[in-house]
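# Reading the structure
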Number of protein chains: 2
Amino acid sequence: MLYYCVRNVCKLKPSPCRVTLALQHTRRLCSSSSGEGVDRVKTLLQLCVDRYYVSPGQSNTELFQRGMSCCYGPLGMELRRNLLQQWWLSVTGPTQQVFGINTLSSSKDTATDGLRFVESEHLKPILEQQELSKEQLVQKIQTLIQRSPSLRTGFLQGALEQFVPSLELVNRKLPFGLAETGLCFQPRDGSGCPAEVTQTSLVWFCPPRTSSQWLDHWSRQRLKWWRQFALSPSEFSSSDVPEQELEESATRGARILYSFPWGQEPLETLWSRGSTELLQTHKGVRTKLQCRDGRKSIPHVISVTGNMDRGVMAFLSNSLQQLKKEESKQKMLQRKVLKLHPVLAPVKVALDIGRGTTVELRQVCEGLLQEFMEAKISTWPGYLETKPTSMEQLNTKYDEMGVLFTVVISENTLESGLLQVRSRDTTIKETKHISEIKNFLSRYISAADNI
Amino acid sequence: MLYYCVRNVCKLKPSPCRVTLALQHTRRLCSSSSGEGVDRVKTLLQLCVDRYYVSPGQSNTELFQRGMSCCYGPLGMELRRNLLQQWWLSVTGPTQQVFGINTLSSSKDTATDGLRFVESEHLKPILEQQELSKEQLVQKIQTLIQRSPSLRTGFLQGALEQFVPSLELVNRKLPFGLAETGLCFQPRDGSGCPAEVTQTSLVWFCPPRTSSQWLDHWSRQRLKWWRQFALSPSEFSSSDVPEQELEESATRGARILYSFPWGQEPLETLWSRGSTELLQTHKGVRTKLQCRDGRKSIPHVISVTGNMDRGVMAFLSNSLQQLKKEESKQKMLQRKVLKLHPVLAPVKVALDIGRGTTVELRQVCEGLLQEFMEAKISTWPGYLETKPTSMEQLNTKYDEMGVLFTVVISENTLESGLLQVRSRDTTIKETKHISEIKNFLSRYISAADNI
């Protein structure tokens, strides 16, 4: 388990700091009970780079592996967008008691945890003042630090501040929630750039006497949500946070975990926080915070914080299947397929051309592309590729990209309207009519969405 | 026109700095040729706060008015999400030659413009070193500054760095583009928090000989895009950037402008940048950058940068209609309607109950709510409101929120399945059957989307 260290005026119970993360990670990789685990990680990272999920570069893939935001390639970007979209829908959709908010990345609130920083442009004038003694210089810089803003390390504080205006929106009735997603920052060892993480946050305000039940409720909901997109749902699990690991203001905690080849990591962390922080944020003015429930109680706060960069990594890891395939002329080969859930897969369909008059076949593809784009089915225009590639090689590439279906337009299509559709998951090729292909794809994705 | 000041090792031609912005703004407001302009702004800002677009607070609404990210309320958040989604679809959709990327918010690249900052935790140990002389202290801090990271002020640099891996993706063929959206930072006067802006960026790589045509192309496309959502399209215009205002590396520039009550502000800025910065980023290694076009040319770069926070403000301003309505018993009143485009409107439909058995009517509403949620039609559950409100008051509220349709479930619905649907734009009430209402709404929104 990784421990997070929030370096600043810290109100949380001191947690073990993140000690030389790289080393810990390497150790974990080496001590992994099977060399197979290490291989699997290498294969996965190589695939991510080769197939446009993550941009190349040692430091970049390292960030990715640690569950931090990195430079994503187009497919990684789209996967993360899909995941964030699904998170948003799941949290703001059904209950209608969760509202989206947007707060600022940096704030001057000295009470909050955060990554306090000083702009160089504010430091320089002080350094240039020749007449200052050393003590005066130190004094001035310390004053600057005290007045300096902090980059947020999480969304909780923003939500607590938005509690009072939101209370009017819900007519002072509990429970309700505030949701936000975006970048949060973490200090990193060394003087490098601060780490960034794409976080999701639901802050749930509920009556004190039901806060424990609500923690259980959200814990179950979140685990169910992660599992619904998984090829191997059992790799996602939840566990209560042991008492010694509780955050200072938390009475209970739960984590949604993913079992990576190197060990378990938390994807979402839930805390039952009582009303301490809410009162602190609003300076103890109880009347502002009381809700309509007969008892004029101050709500309890449940925070549900997710790391979507790690989520992307989890689904990529979970979806990667390495299957042996027999080649009659060659030795056993490994076929790699990224069996991403239809709703998450960044590319739903690839369009390619077979034998026939290239110009005419391409026109057909252009038409289909337009049709798919209008139906918001993300398409890979394989037909634009001029390098000659065998169907075998294309299938390998598309399987590794996680493309759900490959559609091949051929001379036959020009004559009869029939085309070949190959499924990623079954590898079965079916013949369909060009007029039904879009509906087929739409229904396939919707069906997976509604399960 | 506002001028932006990027304070740092700046490669841009020095632009007039952003002088005490607040004062400039106030001056502009006061010198507005009609007091009506000032009134309109006040009315708009008040509506934004009352109707959950922007969180209350003087400094917050000020940020919003300046086209910077602020604390949005739930409706403002949803509007911005819709706008960003539409931008993304318009740019990555039709051509299929634009790929989404994700780069990091902070980087250590000393060559780039950015908001250079030092973490307080790195400063403190230096300040505490008692044995250092003043000169040594200054020296150490300056070294720290030189090695410190910068928060990005734009997405250009990230895209230029991603050019080489992306070139493989497109088989070294031009033109193609890289798109990214997210937060960018700007220094602010005083020692306050840096300003944040939700930026959109398309960086387009094209052959040198067609770069001027591409600038025109994108300029036209972008203006058309902004106008398609506008109630008064003429308030959106475009203009070429005069020569004296060109950025250092730019040969041509264009701006998409919105005519706010206080004057024109740029929503999107396009620059034709040549290949200078691309070569600089890749350290002059021409072979890495050459594309397949017979001439082995280095591409030219066109940057299209948008400010979506200002975009939200523009559409709110553009959509607000203040109409006189006659009240037979009272004097003329002003009816305020936020005529947001159906695709952008954060709440599509409000569900309310009329006369009848509350419990049963609410059940009908719950069923409709589920139906709407599944069809991804954002709904306001007015029926949950227990405070007695007249239909008149509800209509006023929903009109100011920009809700497209109000659906009222009454006793009649329980008997005959018929319900009342009121349109925001026409105020006409129609009777429809409960079974057709969802399709009616879906088709209304799709129709507006496809124009």
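Residues numbered from 1 in each chain as written. Chains lettered and ligands numbered in written order. Predicted model: local features only at pLDDT ≥ 70, side-chain atom pairs only at ≥ 80, totals over all residues. Heavy atoms only, no water.

Looking up chain A in an unreviewed UniProt entry gives the name Anticodon-binding domain-containing protein, with the organism given as Eleginops maclovinus. Recorded in UniProt under Subcellular location (unreviewed entry), the annotation for chain A is "Mitochondrion". (UniProt positions renumbered as here; feature names shortened; annotations may be inferred.)

This next bit is on helix 14 (residues 391–401) of chain B. The complete set of buried residues in helix 14 of chain B reads B:L394, B:N395, B:K397, B:Y398, B:D399, B:E400 and B:M401. Looking at the residues trailing helix 14 of chain B, positive phi occurs at B:G402, about 85°. (Buried < 20%, exposed > 50% of the residue type's maximum accessible area, 1.4 Å probe, protein only. Helix = DSSP H or I, 4+ residues; strand = E, 2+ residues; numbered from the N terminus.)

Turning our eyes to something else, we now look at the relation of the copies chain B and chain A. With an RMSD of 0.0 Å, the operation that places chain B on chain A is a rotation of 180° combined with a shift of 0.0 Å along the axis. Accordingly, the operation relating the two chain copies is best matched by a two-fold axis. Most of the interface of chain B is mirrored in chain A, where 100% of its interface residues again form contacts. (Least-squares fit on C-alpha atoms with pLDDT ≥ 70 in both. Contact = heavy atoms within 4.5 Å.)

In this section: the nonpolar core. In terms of nonpolar packing, the biggest core is built from 208 residues, with A:F64, A:F205, A:L316, B:F64, B:F205 and B:L316 touching the most fellow members. Excluding residues that lie within four positions of it along the chain, B:L316 makes contacts with B:L44, B:C48, B:Y53, B:F64, B:L79, B:L338 and B:L340. Counting 20 residues, the second-largest nonpolar core is a separate cluster that includes A:I141, B:V118, B:L144 and B:I145. (Core = buried A, V, L, I, M, F, W, Y, C linked by side-chain atoms within 4.5 Å.)

Below, the discussion takes up the pattern of salt bridges. All names here are of chain A. All told, the structure shown has 40 salt bridges over all chains when counted by the stated rule. The closest approach of N and O atoms between R81 and E78, which form a salt bridge, is 3.9 Å. Residue R81 and its partner E78 are both found in helix 4 (residues 74–92); the two are separated by three residues, about one turn of the helix. By relative accessible area, R81 is classed as partly exposed at 23%. On the accessibility criterion, E78 (23% relative accessible area) is partly exposed. The closest approach of N and O atoms between E121 and K124, which form a salt bridge, is 3.6 Å. Of this pair, E121 and K124 both sit in helix 5 (residues 120–128), three residues apart, which is roughly one turn of that helix. We classify E121 as partly exposed; its relative accessible area is 24%. (Salt bridge = Lys/Arg side-chain N within 4 Å of Asp/Glu carboxyl O.)

Residue and element names in this part refer to chain A. Pairing is mixed across the open sheet formed by seven strands, whose spatial order is 1-5-6-10-9-8-7. The outermost strands of the open sheet, each flanked by one partner alone, are strand 1 (98–100) and strand 7 (236–240). Direction aside, neighbouring strands of the sheet carry axes that sit 25° apart on average. Note that strand 5 (residues 176–186) and strand 6 (residues 195–206) share 11 bridges and pair antiparallel. Each residue of the ladder has a partner; that of L178, found in strand 6, is V203. (Pairing = 2+ DSSP bridges. Axes fitted to C-alpha atoms, helices over the stretch in contact; angles between N-to-C directions.)

This part takes up the UniProt feature "domain: Anticodon-binding" (unreviewed entry) in chain A. According to UniProt, the feature "domain: Anticodon-binding" (unreviewed entry) maps to residues 358–442 of chain A in the numbering used here. Annotation note: span residues 358–442 of chain A, helix share 47%, strand share 21%, distance between end C-alpha atoms 27 Å.

A word on the domain arrangement of chain A. Residues and elements named next belong to chain A. Its domain assignment divides chain A into domain 1 (3–317) and domain 2 (347–449). At the junction of the two partners, domain 1 supplies seven residues and domain 2 supplies seven residues. Between domain 1 and domain 2 the total buried area reaches about 650 Å² when both faces are included, carbon and sulfur atoms providing 54% of it. Area buried by domain 1 at its contact with domain 2 is led by R51, Y52 and L75, which between them contribute 62% of it. Where E400 meets R51, a salt bridge forms, and the shortest distance between an N and an O atom there is 3.0 Å. A per-element tally of the side of domain 1 that touches domain 2 places helix 4 first, with three residues. Its residues assigned to classes, the side of domain 1 that touches domain 2 shows four nonpolar, two polar and one charged. (Domains from an automatic or database assignment. Buried area = accessible area lost by both parts, 1.4 Å probe. Nonpolar A, V, L, I, M, F, W, Y, C, P; charged D, E, K, R; others polar.)

In this section: the interface of chain B and chain A. On the chain A side, the residues contacting the 85 residues of chain B number 86 residues. Linking chain B to chain A there are two salt bridges. Across the salt bridge formed by A:K376 and B:D449, the nearest N and O atoms sit 3.8 Å from each other. Inspection of the chain B/chain A interface yields 25 residue pairs in polar contact (both at pLDDT 80 or more). Ranked by residues supplied to the side of chain B that touches chain A, first place goes to helix 4 (residues 74–92) of chain B with eight residues. One ladder, built from three bridges, connects strand 3 (residues 115–119) of chain A with strand 3 (residues 115–119) of chain B; its direction is antiparallel. Its bridge partner lying in strand 3 of chain B, A:V118 is registered against B:V118. (Polar contact = N/O pair within 3.5 Å; in protein donor to acceptor, adjacent residues only side chain to side chain.)

Attention now goes to unusual backbone geometry. Between A:L174 and A:P175 the backbone carries a cis peptide bond, its omega angle lying at -5°. Of note, A:P175 is situated in the loop between helix 8 (163–169) and strand 5. For A:K283, which is not glycine, the phi dihedral falls at a positive 55°. Structurally, A:K283 can be placed in the loop between helix 10 (276–281) and helix 11 (286–289). The backbone of B:T427 sits at a positive phi, close to 60°, despite the residue not being glycine. Of note, B:T427 is situated in the loop between strand 16 (418–423) and strand 17 (429–433). Classification of B:T427 by relative accessible area gives partly exposed; the value is 34%.

Moving residue by residue along a regular strand, the side chains alternate between the two faces of the sheet. Residue and element names in this part refer to chain A. In terms of residue burial, strand 9 (residues 263–272) counts as a mostly covered element, since eight of its 10 residues are buried. Sheet topology places strand 8 (residues 252–260) next to strand 9; nine bridges connect them, and they run antiparallel. Paired with I256 across the strands is E268, a residue of strand 9. As consecutive antiparallel partners, strand 8 and strand 9 are separated by two residues.

Axis separation between helix 5 of chain A and helix 6 (residues 134–146) of chain B bottoms out at 11 Å; the angle between their running directions is 160°. Looking at the two axes, helix 5 of chain A sits roughly antiparallel to helix 6 of chain B. Crossing of helix 5 of chain A against helix 6 of chain B: the hand is left-handed. Residue-level inspection shows A:S120, A:L123, A:K124 and A:L127 of helix 5 of chain A in contact with helix 6 of chain B, the latter providing B:V138, B:I141, B:Q142 and B:I145. By residue class, the composition of the contact of helix 5 of chain A with helix 6 of chain B is five nonpolar, two polar and one charged. (Parallel < 35°, antiparallel > 145°, perpendicular 65-115°, else oblique. Left-handed = near helix turned anticlockwise from the far one by under 90°.)

Let's shift gears to the confidence of the model for chain A. Residues and elements named next belong to chain A. A residue-level look at chain A finds 88% of positions with pLDDT of 70 or above and a mean pLDDT of 85. Confidence drops under a pLDDT of 50 for residues 1–33, and excluding neighbours within four residues, the segment shows 69 contacts in the predicted structure. Interface confidence for the predicted complex, expressed as ipTM, amounts to 0.84; the pTM equals 0.87. (pLDDT = per-residue confidence, 0-100.)

In the structure shown here, the tally under the stated rule is 41 aromatic pairs over all chains. Each ring, one from A:W87 and one from A:W88, has its centre 6.2 Å from the other, and the planes form 45°; the classification is tilted. Take A:W87 and A:W88: they sit in the same class, and that class is buried. Measuring from centroid to centroid gives 4.8 Å for B:F236 and B:Y258, while their planes differ by 55°, and the two rings are tilted. With B:F236 in strand 7 (residues 236–240) and B:Y258 in strand 8 (residues 252–260), this residue pair connects regions lying 22 residues apart in the sequence. With respect to burial, B:F236 and B:Y258 carry one shared label: buried. Between the NZ or CZ atom of A:K432 and the centre of the ring of A:F440, over which it lies, the distance is 4.2 Å. (Phe/Tyr/Trp six-rings, centres within 6.5 Å; stacked < 30°, edge-to-face > 60°. Lys NZ or Arg CZ within 6 Å of the ring centre and 35° of its normal.)

Let us look at the sheet that holds strand 16 (residues 418–423) of chain A. Residues and elements named next belong to chain A. Across the sheet, five strands lie side by side as 14-13-15-16-17; this open sheet has mixed pairing. Looking at which strands have only one partner, the edges of the open sheet turn out to be strand 14 (379–380) and strand 17 (429–433). Pairing of strand 16 with strand 17 involves five bridges; the strand directions are antiparallel. Across the sheet, residue L418 finds its bridge partner in strand 17, namely H433.

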